[in-house]
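This is what each chain is made of:
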Amino acid sequence: MSFLSSLMNALPGAAAQGLAWGIMAIGVYITFRILDVADLTVDGSLATGGAVCVKVGGSLFMTGGNIVGCSAMSGKGGGVHVEGNFSMTGGSIIGCAANRGGGVHMAVGENESATFSMSGNAIIRCCKAVSSNASGGGVYALGAFTMSDKAAISNCECIADSSRAGGGGVYLAYHNKNTEFTMSGNAVIENCKVTTSSPDSWTKSYGGGVFVSSRSSLTLKDQAAIRNCSAENTAGGATYGGGIFAEGTLTIAGLAEVDKDCSAAVGSGIYMEVGPNFIVSQNLYANGGVIAGEVVLNNSSTHGVTLMITGSDEGVTEFNGSVLNNNGIIEKGKFTGEVTNNGSITGGASLTKALDAAEELEATCRLYLTLRGLPVRCLTPEQAAELLPPKGA
């Protein structure tokens, strides 16, 4: 009798719980099966992957379908967080948001590397990274990232109000492992931007299309393109690199393009910087393609490292916009726009010989300034001839 009494007393609660679960199940069914709209949100202090989290050793293969409107606003990867392998050969990630990596966030373990590849007609669009130090509106990459075929990242944005924003389309990070990003085929990053909203000197926008951090690398080849990307500050603060902001290595080859519609206050096309505390030299390998906007080289390193436009014998990049060289070295390129040179332009049969010529030029300038117009005794023609290298050397 007591059992029946307990059962009767529990029925209202059980019925209410069952009804609640039933309503939730119907809501999920309508959202995902009938309306085909995903709406997932992950909350928590270390949220990773609004829709999917791929851990070390795991793999995700996306050949179609949509991940839409997901978020991890207090964490990383509004759509997908990747520590393993993510292959996206089709489908789309749309309207997702996070602190870092609005669409996709990549991370690496101590002895592991994350990989992410986009190919076919795969697209990430209208995703956002939003925080005081936002990074990677479309993708935050740490590991190996490739885009090929007609893969696209479009209309993504990185938004910060009080510190800095980097990489409206893609942010290439460095954390004990190098990040390598290659765009090939007809892959495109377009209509992406970084936006800040403070006039303070430390509030800056970097890399409307791509931010390349120190020791990371970006390669554009074939017909890959970065188009109509921008770095903006609604309060009038500093903005750098509308197409690309780079502290790492760039390679432009084939018919790749950074187009004229990219915009920023400094370096509408590309802004390359070696900061005062940097100890690693960096290059822009100008092996083909076109850079249509302004290019700025800014080397303020106190460690003697170089910032150079150089290349191989594969081809030559055409610089259609202006080039401002501040303490860098220009060895190679076809320049149809104005070149303002505050560094050195040298040439040689090889990179080593061009560097030797740059060192000789710097030593000559130093000697000239040291003498301060004092009387000098020049070498005789015979003495100068003895210093010349042998013919063919």
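Residues numbered from 1 in each chain as written. Predicted model: local features only at pLDDT ≥ 70, side-chain atom pairs only at ≥ 80, totals over all residues. Heavy atoms only, no water.

Undergrad: Which parts of the structure should I look at to understand the overall build of the protein?
TA: The secondary structure content of the protein amounts to three helices and 39 strands. Looking at the protein residue by residue over its 393 residues, the buried ones come to 44%. Looking at the protein alone, contacts between residues at least 24 apart form 75% of all its contacts between residues at least 6 apart. In the form shown here, the protein has an accessible surface area of approximately 18,900 Å², with 54% of it arising from carbon and sulfur atoms. (Helix = DSSP H or I, 4+ residues; strand = E, 2+ residues; numbered from the N terminus. Buried < 20%, exposed > 50% of the residue type's maximum accessible area, 1.4 Å probe, protein only. Contact = heavy atoms within 4.5 Å. Areas by Shrake-Rupley, 256 points an atom, 1.4 Å probe, with all protein chains shown as cover.)

Undergrad: I tried to follow the pairing of strand β32 (residues 295-299) on my own but got confused; where do I start?
TA: Looking along a regular strand, one sees side chains alternate from face to face of the sheet. In terms of residue burial, β32 counts as a mostly covered element, since five of its five residues are buried. Side chains of β32 alternate between two faces, with Val 295, Leu 297 and Asn 299 and Val 296 and Asn 298 buried alike. As paired strands, strand β30 (residues 270-274) and β32 are joined by five bridges and run parallel to one another. Residue Met 272 lies in a different strand from β32, and its bridge partner there is Leu 297. (Pairing = 2+ DSSP bridges.)

Undergrad: Would you mind going over the side chain of Ser 301 with me for this structure?
TA: Structurally, Ser 301 is set in the loop between β32 and β33 (307-310). Residue class for Ser 301 comes out buried when judged on its relative accessible area of 15%. Residues contacting Ser 301, with those up to four places away along its chain left out, are Val 274, Gly 275, Pro 276 and Phe 278.

Undergrad: In this structure, what is going on with the packing of aromatic side chains? I would like to understand it.
TA: For any pair of aromatic rings, the description rests on two quantities: the centre-to-centre distance and the angle between the ring planes. In the structure shown here, the tally under the stated rule is 12 aromatic pairs. Aromatic side chains Phe 145 and Phe 181 sit 4.5 Å apart centroid to centroid with 10 degrees between the ring planes, which places their arrangement in the stacked category. Placement of the pair is Phe 145 in strand β14 (residues 143-147) and Phe 181 in strand β19 (residues 180-183), with a sequence separation of 36 residues. In this structure Phe 181 comes out as buried when scored by relative accessible area, which is 1%. Taking 5.9 Å as the distance between ring centres and 15 degrees as the angle between the ring planes, the aromatic pair formed by Tyr 206 and Tyr 240 counts as stacked. Of the two residues, Tyr 206 is situated in strand β22 (residues 204-206) and Tyr 240 in strand β27 (residues 239-240); the sequence distance between them amounts to 34 residues. Across the pair, exposure class does not vary: Tyr 206 and Tyr 240 are buried alike. Within the aromatic cluster, the residues linked to one another by ring pairs are Tyr 140, Tyr 171, Tyr 206, Phe 211, Tyr 240, Phe 245 and Tyr 271. Over the ring of Phe 211 we find Arg 164, and its NZ or CZ is 5.4 Å from the ring centre. (Phe/Tyr/Trp six-rings, centres within 6.5 Å; stacked < 30°, edge-to-face > 60°. Lys NZ or Arg CZ within 6 Å of the ring centre and 35° of its normal.)

Undergrad: Would you explain the environment of Gly 102 in this entry?
TA: Inspection of the secondary structure puts Gly 102 in the loop between β8 (97-100) and β9 (104-106). According to the relative accessible area criterion, Gly 102 is buried, its value standing at 0%. For the pair Gly 102 and Tyr 140, spaced 38 residues apart in the sequence, the C-alpha separation amounts to 7.9 Å. When neighbours within four sequence positions are excluded, Gly 102 is seen to be in contact with Gly 78, Gly 79, Cys 96, Ala 97, Cys 127, Lys 128, Ala 129, Gly 136, Gly 137 and Gly 138.

Undergrad: It is not clear to me how the nonpolar core should be interpreted in this structure. Could you clarify?
TA: Within the largest apolar cluster, 73 residues are counted, with the highest numbers of intra-cluster contacts made by Phe 145, Ile 153 and Ile 189. Apart from the residues lying within four places of it in its own chain, the contact partners of Ile 153 are Met 118, Ile 124, Gly 138, Val 139, Phe 145, Met 147, Gly 169, Val 170, Val 188, Ile 189, Glu 190 and Cys 192. Listed in part, the eight residues of the second largest apolar core include Ala 129, Cys 158, Val 194 and Ala 231. (Core = buried A, V, L, I, M, F, W, Y, C linked by side-chain atoms within 4.5 Å.)

Undergrad: Explain the environment of Ala 265 here, please?
TA: Here Ala 265 shows up in the loop between β29 (249-258) and β30. For Ala 265, a relative accessible area of 59% translates into the label exposed. Remark: the alpha-carbon pair of Ala 265 and Glu 232, spanning 33 residues in sequence, is separated by 8.1 Å.

Undergrad: I would appreciate a short explanation of the sheet that holds β27 in the present structure.
TA: Neighbouring strands of a sheet are bound in pairs by backbone hydrogen bonds; such pairs are parallel or else antiparallel. In space, the three strands of this open sheet follow the order β17-β22-β27, with parallel pairing throughout. The open sheet has two edge strands with one neighbour each: β17 (164-166) and β27.

Undergrad: Where do I start with the pattern of salt bridges in this structure?
TA: One side chain can pair with another of opposite charge once the charged atoms of both are near each other. A full pass over the atoms with the stated rule returns three salt bridges. A salt bridge links Glu 83 to Lys 55, with the nearest nitrogen and oxygen atoms 3.3 Å apart. With Glu 83 in the loop between β5 (80-82) and β6 (85-88) and Lys 55 in the loop between β1 (52-54) and β2 (59-62), this pair connects stretches of sequence that are 28 residues apart. The class for Glu 83 is buried, based on a relative accessible area of 17%. Residue class for Lys 55 comes out partly exposed when judged on its relative accessible area of 48%. (Salt bridge = Lys/Arg side-chain N within 4 Å of Asp/Glu carboxyl O.)

Keep in mind these numbers describe shape, not what the thing actually does.
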